[in-house]
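This is what each chain is made of:
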Amino acid sequence: MSLYRDTGVVLRVQKLGEADRIITLITQKHGKVRAVAKGVRRTTSRLGARVEPFAHVDVQFYTGRTLDVITQVHTLDAFGAGLVHDYQRYTAACAVLETADRMSAEEGEPVLRLYLLVAGALRALADGHRDASLVLDAFLLRAMAFAGWSPAITECARCGDPGPHRAFSVPAGGSVCPRCKPPGSASPAHESLTLMNALATGGWDTAERATDAARRETSGLVAALLQWHLERQLRSLPLVERRPFDPRPPTPPADPD
Ligand SMILES: [Zn+2]
């Protein structure tokens, strides 16, 4: 039996049979891990309460044949307790988990940066010192940067002209100059792009001075960028060539002559 330990955040919990659950975690060292927690649906299970969504945990696993099995859980932060009584914080935290789940598609691939962003965002949402919507947008922008999807905020996304520019195009990847501007580009307020830049770079003083209008506009642009990238990522899947498997004919034995 091979044992390993890691620290992670519980992203998702699914039922498995009568008493078990499949727990999906984003971990520090092993990327996204799906593992079985046995017997956790019994009311007497102490493990069950520790592996709920939003929980930040230290876990011991053993390597199973199909899924790994959780053998011990130690709670580091029960972020759920600070989230469940505030609808805005709760929904923002759900968006953090769902985004992290979709961005860490390859199980076992290390995603340390994304794990740190998830834990940081949940901590900020649970402690309530910052506006939940700003915390979520800052997380989404940094998660997009992790995925290589950072929008161009001041320079032109197409030609690199330093800007700032008036037009913004989600499919083009952010701000666009008058020459590169595709049809249907938005024209966000300068203040909204200033806010987006502050959120992407951790400029909280600037971000917290932003008006409600700028916050709404920035949230809309960030959501549209994320949606566009996630859909494009998944749209490539149907394009994968699916041919009937054609096994090679067996190699004839070498001629003894
Ligand atoms: Zn340009």
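Keep in mind the model is a prediction, meaning the values are calculated, not measured.

A. A look at the overall build of the chain. Looking only at helices and strands, the chain has seven helices and seven strands in total. Scanning the chain from its N terminus toward the C terminus, one meets helices and strands in the order β-β-β-α-β-β-α-α-α-β-β-α-α-α. The C-alpha radius of gyration of the chain comes to 23 Å, more than 25% above the 18 Å expected for a compact globule of 257 residues. Projected onto its principal axes, the C-alpha coordinates of the chain cover approximately 70 × 70 × 25 Å. Looking at the 257 residues of the chain, the share that counts as buried comes to 36%. Long-range pairs, those at least 24 residues apart, make up 50% of the contacts in the chain between residues at least 6 apart in sequence.

B. A look at the pairing of strand E2 (residues 20–27). With six of eight residues buried, E2 lies mostly within the body of the structure. In this sheet, E2 lies alongside strand E1 (residues 3–16) in antiparallel orientation, the contact comprising eight bridges. Bridge pairing in E2 places Gly8 opposite Thr27. Two successive antiparallel strands, E1 and E2, enclose a turn made up of three residues, where Gly17 displays a positive phi of approximately 65°. Where E2 and strand E3 (residues 32–37) come together, six bridges link them in antiparallel fashion. Counterpart to Ile22 in the pairing with E3 is Val36. With antiparallel pairing between neighbouring strands as the criterion, E2 and E3 make up a hairpin whose turn holds four residues, including Gly31 at a positive phi of roughly 65°.

C. Broad picture of the domain arrangement of the chain. We note that the domain assignment places domain 1 (3–80) and domain 2 (130–239) within the chain. Here the C-alpha centre of domain 2 lies 34 Å away from the C-alpha centre of domain 1.

D. Geometry of the sheet that holds strand E5 (residues 68–78). With mixed pairing, the five strands of this closed barrel are ordered in space as E1-E2-E3-E5-E4. Put simply, the sheet's adjacent strands are angled 50° from each other on average, direction ignored. Two strands pair when backbone bridges link them, and strand E4 (residues 55–62) and E5 are joined in this way by eight bridges, in the antiparallel orientation. Bridge pairing in E5 places Tyr62 opposite Val69. Contacts from helix H2 (residues 87–103) reach E1 and E2 within the one sheet, and its direction differs from that of E1 by about 110°.

E. Inspection of unusual backbone geometry at higher detail. In this structure, Pro164 follows Gly163 across a cis peptide bond, with omega equal to 5°. Tracing the chain through its elements places Pro164 in the loop between helix H4 (132–146) and strand E6 (167–169). Here the phi dihedral of Phe54 falls at roughly 85°; this positive angle occurs in a residue that is not glycine. Counting through the fold element by element, Phe54 comes out in the loop between helix H1 (46–50) and E4. Phe54 gets classed as buried once you count the C-beta atoms within 10 Å, which come to 24.

F. Representation of the environment of Ser192. Tracing the sequence through the fold places Ser192 in helix H5 (residues 190–201). Look at Ser192 and you get buried, because 22 C-beta atoms sit within 10 Å. Measuring from C-alpha to C-alpha, the distance between Ser192 and Leu114 comes to 25 Å, with 78 residues separating the pair along the chain.

G. Layout of the packing of H2 against helix H3 (residues 112–127). Where H2 meets H3, the axes come as close as 10 Å, and the angle between the chain directions of the two elements is 175°. Considered as vectors, H2 and H3 are oriented roughly antiparallel to each other. Where H2 abuts H3, its residues Arg89, Ala92, Ala93, Val96, Ala100 and Met103 lie against Leu114, Val118, Ala121, Leu122 and Leu125. Split by residue class, the contact of H2 with H3 holds 10 nonpolar, no polar and one charged.

What counts as what
Residues numbered from 1 in each chain as written. Predicted model: local features only at pLDDT ≥ 70, side-chain atom pairs only at ≥ 80, totals over all residues. Helix = DSSP H or I, 4+ residues; strand = E, 2+ residues; numbered from the N terminus. Rg over C-alpha atoms; globule rule 2.2 N^0.38 Å. Buried ≥ 20, exposed ≤ 12 C-beta atoms within 10 Å, placed from the backbone. Contact = placed C-beta atoms within 7 Å. Pairing = 2+ DSSP bridges. Domains from an automatic or database assignment. Axes fitted to C-alpha atoms, helices over the stretch in contact; angles between N-to-C directions. Parallel < 35°, antiparallel > 145°, perpendicular 65-115°, else oblique. Nonpolar A, V, L, I, M, F, W, Y, C, P; charged D, E, K, R; others polar.

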